[in-house]
Amino acid sequence: MTSHEFDVVVAGAGTSGCYAAATIAHEGYDVVVVERKDAEEAGHIACGDALKGADAFPEAIPKEKLEPAFTNTGVDHGRFEIPQEDTVLEIPVPGELAVIDRWEYGRCIIQGAKDAGATFHYDTVIQDVTQDDDGVVTGLTANRKGEPVEYEADIVIDGAGSLSLLQDTVDFSDATFDTNVNYSQFCSAYREIVHVEEPVEWDDALVFKPTERAAGYLWYFPRTDTEINAGLGFQMTEEPMELVDDLKKDLRDREEFQGAEVEDKLGAALPTRRPYDSAVAPGYMAVGDAAGHVNPTTGGGIAGAAYAGKYAGEQAIEAIEQGDVSEAMLWEYNERVMDHFGARYAALDVYNILSTAVDVDDLMGLLASLPGEKLAEALYEGSTEMSTLFKAKLAVKSFGYWRNILQFYRTKQCADDLMDHYEHYPSSPDEFEMWQSKRDTLMEAVYETTGAEPKY
Ligand SMILES: Cc1cc2nc3c(=O)[nH]c(=O)nc-3n(C[C@H](O)[C@H](O)[C@H](O)COP(=O)(O)OP(=O)(O)OC[C@H]3O[C@@H](n4cnc5c(N)ncnc54)[C@H](O)[C@@H]3O)c2cc1C
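Residues numbered from 1 in each chain as written. Predicted model: local features only at pLDDT ≥ 70, side-chain atom pairs only at ≥ 80, totals over all residues. Heavy atoms only, no water.

1. A word on the overall build of the protein
Where we set the bar: Where helices and strands are cited, they refer to DSSP runs of H or I of at least four residues and of E of at least two residues respectively, numbered from the N terminus. Burial classes: relative accessible area under 20% of the type maximum marks a residue as buried, over 50% as exposed, and values in between as partly exposed (1.4 Å probe, protein chains only). Only heavy atoms enter the contact rule, under which two residues are in contact if any of them lie within 4.5 Å. To be clear on the numbers: accessible area is Shrake-Rupley with a 1.4 Å probe, and residue cover counts the displayed protein chains and nothing else.
What the protein contains, in helices and strands, is 12 helices and 18 strands. Taken over 456 residues, the protein has a buried fraction of 55%. Sequence separation of 24 or more characterises 73% of the internal contacts of the protein that already satisfy a separation of 6 or more. Of the roughly 19500 Å² that the protein leaves accessible, carbon and sulfur atoms contribute 46%.

Structure representation (C-alpha cells):
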C-alpha cells in the first residue's frame, strides 16, 4: 500500500475543502485534498448556481480568482411565482448576488487552493477513517485508480459533502460529534442547464415556483439571458415524486422554453437541517454540507461551506502549532460557525419544520399576503420585525389566513428563542450536554406549535 504523510488531509475538492486547504497552505503547512473525481470532472457539482455574498468571501482564495465564473452579476431580487394565488411576488435579496457557471467556479477554487500551495490527489475514493486506540483520528485510507493508498495526518477535515461517507465508517461514540443525522433532514435536488432561443425577460431575478404535488419548489436561475439553470428540490420527508417529470412539465408549459436545449443534467442531496451540534472529534472536523452548513430555507450552502473551510483551516493550524488535536482544542471551530451563521440557520430550520406540517395551499396564500421585504428578512435573517400599523394592514390583506398567521407568529417566537439559545453556544465541550438538553426542550415547543413530526 502506498503511504503519504501530510499535516492535514482534506476530504473532497468542493467549496469547503478548497477553502480549508487554501487557508492551511497559506501558512506553509502540507495539505492534500483527496477527491474521488478526475481532474477534469472535479468541481462539476450539482448546484442552482446562485452565489450570495461573494463580496465578503474568505480571502484565502482572492475574489478576483472567482470572477471568471460569474456569468450574471445583474441579479438583484427573487421572483416568487404562486400559481395557486395567481400572484407573482418580487422580493429584494440582500447582499451581493451572482449567478455563476458552477463548473468554472469549481476549477477557479481548485486553482486558488493550488496557488496557495495545496496538493490535489484526484481519482482517489476515500474508504475509511483511521483512528488510534484512544479514538483519535489519524488519517484516511482510499483507493487510487484501483490501488490502495493511506494518508497519515495530524488532522482530517471532512469536506466530502452531504451524508459524508467518512462519518459512516468512523467511531464517534466517545466524541461530541453530531451523529443524529438522518436522510429525512435532507432535500433531494436536480437541475438542468437549458439554452433558450430568445433572451428571457427575468434575467435580473432568481425565479422560484412551488411544485404542485408536494412541499418542494422549482427554480429558474439565469446564468445569462439565454442560459438558464432550471431545477427542483423537495424535502425527503415527502413522498417521493417524479422530480424530473414535474420539471419537464413546467418547462413544456412555459413559453420562454419553447425549442430550448438541455446541455447538462445533475442531481444530489443537500442538507436542509440545523448545523451539526458539534462538528469536531479528536483529530477531525467536518465542514460545509458534511456538517449541515446550509441555509435550510433557501438551500444556499456555498457561503457557509467557504467560511466553515476557513474556520476549520485556522483551527487546524492552531492545533498543530500547539501539538494538541483534542476536542477541547478544536472546539473554537464550532463556536465560530455558530457565531457567524449557525445560530441563524438553526432558527431558519424552524420555518423548514413548519413547512413540512402546513398545507401547501395555505402556505402559498399566506406568502402571497405578506410584503416582499418582510419575507426577505424572514428568509435570510431568520427573524423580522413588524409595526402595529403594519400588522393591522397585513391582517386586512391576509383575511382567510389568520389562523395560519397566528401559527406563524407563534412559530416565529420559537425561532427567536432558539436563536437566542444558539447565541449562547458553550465555550467548551464541558457545558455541551447541558446546552443540548435545553435546546431539545426548546425544540419540543417547536413541534408543539407547528404540529410537525420531530425532525431530530
Ligand atoms: C441541485 C442543488 C442545487 C443547489 N443550489 C445552490 C445554489 O444555488 N446556491 C448555493 O449557495 N448552494 C446551492 N446548493 C448547495 C451547495 O451546492 C452546497 O451546499 C455546497 O456545494 C457544499 O460544498 P461542500 O464543499 O461542503 O460539498 P460539495 O460541493 O458536495 O463537495 C464535496 C466533494 O467531496 C467529494 N467526495 C465525496 N465523497 C468522497 C469520497 N468518498 N472520496 C473522495 N472524494 C469524495 C465529491 O466528489 C465533491 O467534490 C445546491 C445543492 C444542490 C444539490
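After presenting the structure, the write-up continues.
2. Comments concerning the environment of Glu 5
For Glu 5, the position within the fold is in strand S1 (residues 2-11). On the basis of relative accessibility, which here comes to 66%, the residue Glu 5 falls in the exposed class. Sequence separation of Glu 5 and Glu 150 is 145 residues, and the distance between their C-alpha atoms is 8.6 Å.

3. As for the side chain of Glu 192
Applicable threshold: Counting of polar contacts relies on pairs of N or O atoms within 3.5 Å, with two restrictions inside protein: one atom must be capable of donating a hydrogen and the other of accepting it, and residues adjacent in sequence are counted only when both atoms are side-chain atoms.
By secondary structure assignment, the location of Glu 192 is in strand S12 (residues 186-195). For Glu 192, the side chain forms a polar contact with the side chain of Tyr 190, separated by 2.7 Å. Contacts of Glu 192, omitting those with residues within four sequence positions, involve Ile 228, Asn 229, Ala 230, Val 244, Leu 247, Leu 251, Val 262, Asp 264 and Lys 265.

4. Section: the site of the ligand
To be explicit about the condition: The criterion for a residue being near a molecule or strand is simple. One of its heavy atoms has to lie within 4 Å of it. Residue classes follow a fixed rule: Ala, Val, Leu, Ile, Met, Phe, Trp, Tyr, Cys and Pro count as nonpolar, while Asp, Glu, Lys and Arg count as charged, and any other residue, Gly among them, counts as polar.
By nearness alone, 34 residues border the ligand, and Ser 16, Glu 35, Gly 48, Ala 50 and Asp 289 come closest of all. Separating a nitrogen atom of the ligand from a backbone N or O atom of Ala 50 is a distance of 2.7 Å. In this structure, Asp 289 approaches the ligand through a side-chain N or O atom, which is 2.6 Å from an oxygen atom. For the ligand, whose free accessible area comes to 1000 Å², the fraction covered by protein is 93%. With three residues, the single largest contributor to the shell around the ligand is strand S9 (residues 124-131). Its residues assigned to classes, the shell around the ligand comprises 17 nonpolar, 12 polar and five charged.

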